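Analysis of the macromolecular model
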Amino acid sequence: MNNDSQNQLFEMKIIRSVPVLVPMPVDRAFTYAVPEGQDVVPGSIVQVPLGPRKVIGVVWDGEVDQVDTSKLKTITHVFDCPPLQTSMRRFIDWVANYTISPPGLVARMALRAPAALDPEPMIPALKSTGTQPERLTDARRRVLELVNETGGEESIAWTKSGLSHAAGVTGSVIDGLTKQGVFETIMLPAPPIVAKPDPTYGQAQLSDEQSAGADDLCEVISQEGFRPVLLDGVTGSGKTEVYFEAIAKVLERGQQVLILLPEIALTASFLKRFENRFGAPPGEWHSDIAPKSRERVWRQVIDGQVRVVAGARSALFLPFENLGLIIVDEEHDPAYKQQDRVFYHARDMAVVRAHLANVPVILASATPSLESHVNAEQGRYKRIVLSKRFSDAALPDLVLIDLRKNPPKRGGFISPVVVDAVKETLERKEQALMFLNRRGYAPLTLCRVCGHRFQCPNCSTWLVEHRFRGQIQCHHCGYHERTHESCPDCGTFDHLVACGPGVERIAEEMDQHFPDARVIVLSSDMMGGSKRLRLELDAIAKGEADIIIGTQLVAKGHNFPLMTLVGVVDADLGLSNGDPRAAERTYQLLSQVTGRAGRTGLKSKGFIQTYQPEHPVMRALVSGDPEAFYERETLERERASLPPFGRLASIIISAGNRPEAEAQGKALRASAPTKSAFMVLGPADAPLALVRGRFRMRLLIHGPRSADIQSFIRAMMGAGPKGRGTVRVQIDIDPQSFL
């Protein structure tokens, strides 16, 4: 802004002041003056000066500071954008209060596309004037014939590139015709990023059970208002097709729908299914789409042009113009928990957003979280059960392989029982999946001579060998080295040994057993990223692979028609930590991964390798009685007053050295209110005590469900010392990870 403009701005008559929340780590709105002639309302998106910079902000609700108006800074620009709705502003405040986060940081998640705040620019287009060119070449004739076929002067406008491509001519031909007055240039609004979905386009043939479930969902939709629903269906039961009918009902009313998915890997197959049902794909919102596309989706969501969005957890903060339904697919998935800056669980916050917007929310899963299961049992959620697979396909027969009785051959990790089953599967021209939730080749490399172990210099973790890349790598900070040929401590060659298996090592073992089989390894850190992953998943679905070896990535909603065998290499892996959700997560993960088999009706089996066949999780899996597992797990949680029957919060203190972190942790614990229902445990070293060069201590706060844990933490933080030096304090309400 030049000096004349600034002087003109300062000379304006100030008519009022408003609170403005800026998307920064601030705990309150700041007061700004509104210039004469400018109209703003709560929710208006504006630009304001903040120190030496100009930042985006949102006009907020509440009182303004009592400040002399002559000292107020003035709003410098009001964006031509619909305001954030009341329910969205209340949602931002609610998330900030619940997670004990600065409201400005939460607001930042709703303003992630600053380039989209002003309307999309009009685009130039060409329209026929009916004038004939001076000279008619073959290329010009093709253009005119195409235009006349589509209506001549009454035709729709063409973009230059679209017309030249359709007529098979170069752009210079179109330029020449325009100069001679054959076409006139007009300006048109930017087209929608996706077409409007048609609720009647491709209605699926539902089974009787699916039809009953869809009718129940549509009944909930027709009642309007907030209503949480748990759609609990076994793997392969067709939950997606059922909630598509609810989406159709909402679209018929002219409202918008938000569908949350836990992983980008699920997006491609979901988009195809959605387009087959509704004739157009939904808008996408996740980290893998181009910035320009994100901006257009954001703008067209707030304008109401995009009717359905399918996205990752951050899509929860999109400013919908007329939201009518929220769906959380695979609601049990740990990926819904954000553990950076603002710690929140998207499933729980989706329920809150639906409540504030007064719309239904559907939580869908084959293995619901214990929290959702208990809410359904206690009547807070309506529960719709799909107990059968589509077309009456049978669930896989599950078999426990006791590794104490059927151990792998020396140097291997696959039991001979499983190897024989894979051989029979391949002979039938069917597919086998080997599941191990551990990336890379081996989790540890050590020297057999001196005992040296390769450890990350920045984290308290071992370096994982990735043999395909020739690297050893830390999965927490990204540090990596080239694979060593000799020990860096004693210098001995040929005595470095890989300890334990990763998916790459299982692939090597399967290649030794079946050298002619087509093997694909699926892992989140594979080369080529999500684009390659989509290609690999398509290849598997088309039968272009025989053996698939994967991490938990393969457990998430994929449909592989030829897969009839699933082998779980190490079922005990998730049970070997102090996480109170360890049993629940292991049960969910193994149920989901074995559920990849036999989805199209072929007879299928799942083999679960374990050293603990008597463990309740293993018994629950093979019994096929999920209710017994949930009943037992619910009883144990209730006895220990753990969520959902109690409250937990974690305070993570990190610093550049351990004494600083420990001192801050002890001081915070000493500052906790003494007369309270809450108990403070720690400080103790976090299981991952060193991450990215920072030492980590943890306080755990535990108390009854009915007590106000946020007020307790605020009192403790307010009375305790502020973090100085390198100290950083993070608060995690309802922690999902205890690392």
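For the structure, check the block above.
Let me begin by describing the structure that accompanies this report.

What counts as what
- Residues numbered from 1 in each chain as written.
- Predicted model: local features only at pLDDT ≥ 70, side-chain atom pairs only at ≥ 80, totals over all residues.
- Heavy atoms only, no water.
- Pairing = 2+ DSSP bridges.
- Helix = DSSP H or I, 4+ residues; strand = E, 2+ residues; numbered from the N terminus.
- Axes fitted to C-alpha atoms, helices over the stretch in contact; angles between N-to-C directions.
- Buried < 20%, exposed > 50% of the residue type's maximum accessible area, 1.4 Å probe, protein only.
- Arc of directions from axis to C-beta.
- Contact = heavy atoms within 4.5 Å.
- Core = buried A, V, L, I, M, F, W, Y, C linked by side-chain atoms within 4.5 Å.
- Expected span 1.5 Å × (residues − 1).

**With respect to the sheet that holds strand S29 (residues 679-691)**
Reading across the sheet, the four strands line up as S29-S30-S28-S31 and stay open at both edges, with antiparallel pairing between neighbours. Edge positions in the sheet fall to S29 and strand S31 (728-733), since each of these pairs with one other strand and no more. Direction aside, neighbouring strands of the sheet carry axes that sit 20° apart on average. The pairing of strand S28 (residues 646-655) with S31 spans six bridges and is classified as antiparallel. Among the inter-strand pairings, alanine 649 is bridged to a residue of S31, identified as isoleucine 733.

**Quick word on helix H5 (residues 160-167)**
By the burial criterion, the buried members of H5 are Leu163, Ser164 and Ala167. Buried residues of H5, seen end-on, are gathered within an arc of 95° and therefore sit on one face of the element. Turned more than 90 degrees from where H5 packs its buried face, Ser161 and His165 sit exposed. In this structure, the buried residues of H5 make contact with helix H4 (138-149), helix H6 (171-179) and strand S7 (183-188). Of the residues trailing H5, glycine 168 is marked for its positive phi of about 70°.

**Description of the nonpolar core**
Among the nonpolar cores identified, the biggest contains 78 residues, and Trp298, Phe317 and Ile701 are the most heavily contacted of them. Broken down by element, the residue count for this core peaks at seven residues, all from helix H11 (residues 346-357). The contact partners of tryptophan 298, leaving out residues within four places of it in the chain, are Ile45, Cys81, Ala110, Leu111, Arg112, Ala113, Ala116, Leu117, Trp285, Leu318 and Pro319. Within the second largest apolar cluster, 34 residues are counted, among which are Leu553, Val566, Tyr587 and Tyr630.

**Some thoughts on H11**
The end-to-end C-alpha distance of H11 is 16 Å, a good match for the 16 Å that twelve residues give at a rise of 1.5 Å each. With respect to burial, H11 is a largely interior element, nine of its twelve residues being buried. Residues Ala346, Arg347, Met349, Ala350, Val351, Val352, Arg353, Ala354 and Leu356 constitute the buried set of H11.

**Regarding the environment of glutamate 219**
Relative to the helices and strands, glutamate 219 resides in helix H7 (residues 208-223). In this structure glutamate 219 comes out as partly exposed when scored by relative accessible area, which is 45%. For the pair glutamate 219 and leucine 177, spaced 42 residues apart in sequence, the C-alpha to C-alpha distance is 58 Å.

**Details of the pairing of S29**
As judged from the seven bridges shared by S29 and strand S30 (residues 694-704), these two strands associate in the antiparallel manner. Of the residues in S30, the one forming a bridge with valine 680 is isoleucine 701. Two successive antiparallel strands, S29 and S30, enclose a turn made up of two residues, where arginine 692 displays a positive phi of approximately 55°.

**Topic: the sheet that holds strand S21 (residues 471-473)**
An order of S20-S21-S22 is seen for the three strands of this open sheet, with the pairing classed as antiparallel. Of all strands in the sheet, those bounded by a partner on one side alone are strand S20 (464-466) and strand S22 (480-482). Neighbour-to-neighbour, the strand axes of this sheet turn through a mean angle of 25°, independent of strand direction. Two elements, S20 and S21, share three bridges in a ladder whose sense is antiparallel. Counterpart to glutamate 465 in the pairing with S21 is isoleucine 472.

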